[in-house]
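Structure at a glance
Now for the letters of each chain:
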Amino acid sequence: MALNSIEEAYKARTVKSAALLRRAGRSLPGGLTRNYGFHRPYPVVHARGKGPHLWDVDGNRYVDLNYNGLSLIHGHAYGPVTDALARAMPSGWAWLGTQEAQIEFAESLCARIEIFDKVLFTNSGTEAGMLAVKLARGFTKRSLILKANGGYHGTYSDLEAGLHGQGELPGRTLLAEFNDAESFERVIEQHGRSIAAVVLEPVMYTGVVMPALPGFLDRVQRAAHRVGALFVLDDCLMFRLATGGSAEKFGLEPDITFLGKFIGGGLPAGAVGARQEIMDLADPGRTDDGIYHGGSFNGNALSSLAGRIAIEHLTAERIDGMDKAAQRLKQTLEGKAKSVGVPLFVLDEGSVMGLYFSETKPKPGSHLPNEALSARFHLACLNNGVQTGPGCMIAMATVIDEATLAEASAGMSQALADIAP
Ligand code: PMP
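Attention here is on the structure that accompanies the text.

Reading the values: the criteria
- Residues numbered from 1 in each chain as written.
- Predicted model: local features only at pLDDT ≥ 70, side-chain atom pairs only at ≥ 80, totals over all residues.
- Heavy atoms only, no water.
- Salt bridge = Lys/Arg side-chain N within 4 Å of Asp/Glu carboxyl O.
- Helix = DSSP H or I, 4+ residues; strand = E, 2+ residues; numbered from the N terminus.
- Buried < 20%, exposed > 50% of the residue type's maximum accessible area, 1.4 Å probe, protein only.
- Phe/Tyr/Trp six-rings, centres within 6.5 Å; stacked < 30°, edge-to-face > 60°.
- Lys NZ or Arg CZ within 6 Å of the ring centre and 35° of its normal.
- Arc of directions from axis to C-beta.
- Near = heavy atom within 4 Å.
- Polar contact = N/O pair within 3.5 Å; in protein donor to acceptor, adjacent residues only side chain to side chain.
- Areas by Shrake-Rupley, 256 points an atom, 1.4 Å probe, with all protein chains shown as cover.
- Nonpolar A, V, L, I, M, F, W, Y, C, P; charged D, E, K, R; others polar.

Another aspect to go through is the pattern of salt bridges. The tally for this structure, following the rule as stated, stands at 17 salt bridges. For Arg-172, the salt bridge identified is with Asp-158, shortest N-O distance 2.8 Å. Of this pair, Arg-172 sits in the loop between β5 (144-148) and β6 (173-176) while Asp-158 sits in the loop between β5 and β6, and the two are 14 residues apart along the sequence. Taking relative accessible area as the criterion, Arg-172 reaches 38% and is therefore assigned partly exposed. Residue classification places Asp-158 among the buried positions, given a relative accessible area of 4%. Its salt-bridge partner being Arg-222, residue Asp-218 comes within 3.2 Å of it at the nearest N-O pair. Placement of the pair is Asp-218 and Arg-222 together in helix α8 (residues 216-226), with a separation of 4 residues, close to one helical turn. Here Asp-218 falls in the partly exposed class, since its relative accessible area comes to 31%.

Pasting the structure below:
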């Protein structure tokens, strides 16, 4: 199917979305308030979601394989969260100070993540990354952060180095190459005792989904510790890989871990945890030089309640179910791509994967190997009732059952046939 027919089919099924986007463009830059949601010719406007499905304003139904950028691990309007929120709402939800839902949420995270003696809450992964960096700088009394070129940790400027055309930030942020332990070791050796923290996402999920090579994460962690820098794990997305998060899966011992996305059960939440001596820097009762942590909605009652339920319902069995569903989808797509003559390279870890139209393994970073074909496939998937992330990134949710998996496989297989030469 030619690009024009894929795009024409898309436009024909999304007439109301197009009209709403034109209206949105008059009050929102480009009609959106988030870059990630944008793609050409225009994104659909969603009307509702239930379980693994989303509906747009034109009434089209999609199997959602993006789940709001991986922030809904149990799908849309998850029953136990919806019911608990409905019961809690009449009592209000944001008060100055601590409340029971927040204490229970903190206890749940501390019980689950090995290195967490204590946690602090924020409202997003971006804020959690900011706080993790602030704690690391406060604890080490050093200023430099080292991160991976192309690694995304939210929109805090010190963690945006190496993204959106930006290089290193003098005096603040250094860069090295993901999956190249020597490049990290070189920078660590050169700047040694000025580095407060090395910040890494264990599976890079920016642009190209990139699992870590065996030994890479461990080598970087050891190099950081040799110079007294903290190893900071961004587990906003990859907490999903094991009940204790990616540190458990990969045998890491980070000094600080920060979380976001699905930990709020679909509501805005972020968290930072570490051993007591680091976390107590933010103890408001201390009289010496700690760090100041603010945020009117930190750990609000609704996010805390939804978050605790979402975390507690993410059992090892459900993680295994998501991982197996991802494997089956991967096999189906690889088989179909071969049969229709489309070169497909799938990079995956657990329940996440990225689909690339290339004969060879893509490199880490934001440059897709065959961007035009990726864009066509993304639109063709939407035409066939499947929403992937822009750039063809995919993640499972615990609510994907046999029927939904079959629906997603059929839609994506048809999309592969639609883009075949
Ligand atoms: N870290 C990672 C690895 C992420 O993928 C994201 C969001 N895509 C963030 C941090 C920032 O989270 P938020 O969008 O909640 O600010």
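With respect to the helices, strands and loops of the structure, Lys-118 is situated in strand β4 (residues 118-122). Remark: the alpha-carbon pair of Lys-118 and Lys-324, spanning 206 residues in sequence, is separated by 33 Å.

What follows concerns the packing of aromatic side chains. Following the criterion strictly, the structure yields 6 aromatic pairs and no others. Arranged with centres 5.5 Å apart and planes meeting at 45°, the rings of Tyr-10 and Tyr-42 form a pair that is tilted. On the criterion of sequence distance, the pair formed by Tyr-10 in helix α1 (residues 3-13) and Tyr-42 in the loop between α2 (15-24) and β1 (46-50) is long-range, its members being 32 residues apart. Ring-pair connections join several aromatic residues into one group, and the members of that group are Phe-178, Phe-184 and Phe-216. Over the aromatic face of Trp-55 sits the side chain of Arg-48, whose NZ or CZ is 3.9 Å from the ring centroid.

Let us look at α2. Within α2 the residues assigned to the buried category are Ser-17, Ala-18, Leu-21 and Ala-24. Buried residues of α2, seen end-on, are gathered within an arc of 120° and therefore sit on one face of the element. Away from its buried face, by an angle of more than 90 degrees, α2 presents the exposed residues Val-15, Lys-16, Arg-22 and Arg-23.

The environment of the ligand is made up of Ser-124, Gly-125, Thr-126, Tyr-152, His-153, Gly-154, Glu-201, Asp-234, Cys-236, Leu-237 and Lys-261. Between Gly-125 and the ligand, the recorded distance is 2.8 Å, taken from a backbone N or O atom to an oxygen atom. Interatomic distance of 2.6 Å between a side-chain N/O atom of Thr-126 and an oxygen atom of the ligand. Relative to its unbound accessible surface of 390 Å², the ligand loses 80% to contact with the protein. Residue composition of the shell around the ligand, by class: 3 nonpolar, 5 polar and 3 charged.

Everything listed here is a matter of coordinates, which is why it stays silent on function.
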